[in-house]
Amino acid sequence: MTQTTSPSTGAAEHDDPLRDALQAFEKTLATPVVEGEMAEWGRALQQAWDEAARCIRASVDVAHRKQMKEIAEADPEMFKRIEQIDTGDREIRRLLDNLASDIPHVIRNLPIAERDPAALVNEELESLVNDGLAFVSRVRKQEVVVQTWLLEAFNRERGDGD
């Protein structure tokens, strides 16, 4: 017997702003840092990060909590999947906190990188860009995981067949 109720559209409220914020953050990270424009790039990065972080926190702290509750109510046998989502969200929060401290640190040091292209700051900048891009991918993956298990909770066969 297939359940006919459907998952809440609460996730849809976050999909577009989250997607847009991740795209803007990713684009800023991927934009080459041009000498003479590092301060401008830093401001753009901070602005994109602030919006992305806000949307990510709303997703993992509000939307995912609601969706995990819906999964549990629709299909209590999916407890392991709820744990998987929760573990993924905790990891995203940890990475979010790391980037939240790394971004201002690198931005503060951009004037050094501007004056000395061989400065250690350039390695930190490259590391930040790589970590940020990997983080965007991780957040997107988590969104797919949550949506997959939410839909599965409402649409899977329960073995009550004919």
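For the structure given in this document, a descriptive report is provided here. (Residues numbered from 1 in each chain as written. Predicted model: local features only at pLDDT ≥ 70, side-chain atom pairs only at ≥ 80, totals over all residues. Heavy atoms only, no water.)

What follows concerns the environment of Leu-18. Looking at the secondary structure, you find Leu-18 in helix α1 (residues 10-30). Taking relative accessible area as the criterion, Leu-18 reaches 4% and is therefore assigned buried. Excluding anything up to four places from it in sequence, Leu-18 contacts Cys-55, Ile-56, Ser-59 and Glu-143. (Helix = DSSP H or I, 4+ residues; strand = E, 2+ residues; numbered from the N terminus. Buried < 20%, exposed > 50% of the residue type's maximum accessible area, 1.4 Å probe, protein only. Contact = heavy atoms within 4.5 Å.)

The next subject is the packing of aromatic side chains. Applying the stated criterion across every chain, the model contains 2 aromatic pairs. Between the aromatic rings of Phe-25 and Trp-49, the centroid separation amounts to 5.2 Å while the plane-to-plane angle is 50°, which identifies the pairing as tilted. Taken together, the positions of Phe-25 in helix α1 and Trp-49 in helix α2 (residues 38-74) put the pair 24 residues apart, joining distant regions of the chain. Overall, the relative accessible area of 4% leaves Trp-49 in the buried class. On the numbers, 6.1 Å between centres and 55° between planes, the contact of Trp-49 with Phe-135 is tilted. Of this pair, Trp-49 sits in helix α2 while Phe-135 sits in helix α5 (residues 120-155), and the two are 86 residues apart along the sequence. Assigned by exposure class, Trp-49 and Phe-135 land together as buried. The rings of Phe-25, Trp-49 and Phe-135 are connected pair by pair, giving a single aromatic cluster. (Phe/Tyr/Trp six-rings, centres within 6.5 Å; stacked < 30°, edge-to-face > 60°.)

Let's shift gears to the nonpolar core. Counting 30 residues, the largest nonpolar core has Phe-25, Leu-45, Trp-49, Ile-56, Ile-103 and Phe-135 as its most contacted members. Breaking this core down by element, the ones donating at least two residues are α1, α2, α3 (79-108), α4 (110-115) and α5. Broken down by element, the residue count for this core peaks at 10 residues, all from α2. If we ignore the near neighbours within four places in the chain, the residues touching Ile-56 are Leu-18, Leu-22, Ile-92, Leu-96, Phe-135 and Val-139. Judged by nonpolar contacts, the second largest core, of 12 residues, contains Ala-74, Met-78, Ile-82 and Trp-149. (Core = buried A, V, L, I, M, F, W, Y, C linked by side-chain atoms within 4.5 Å.)

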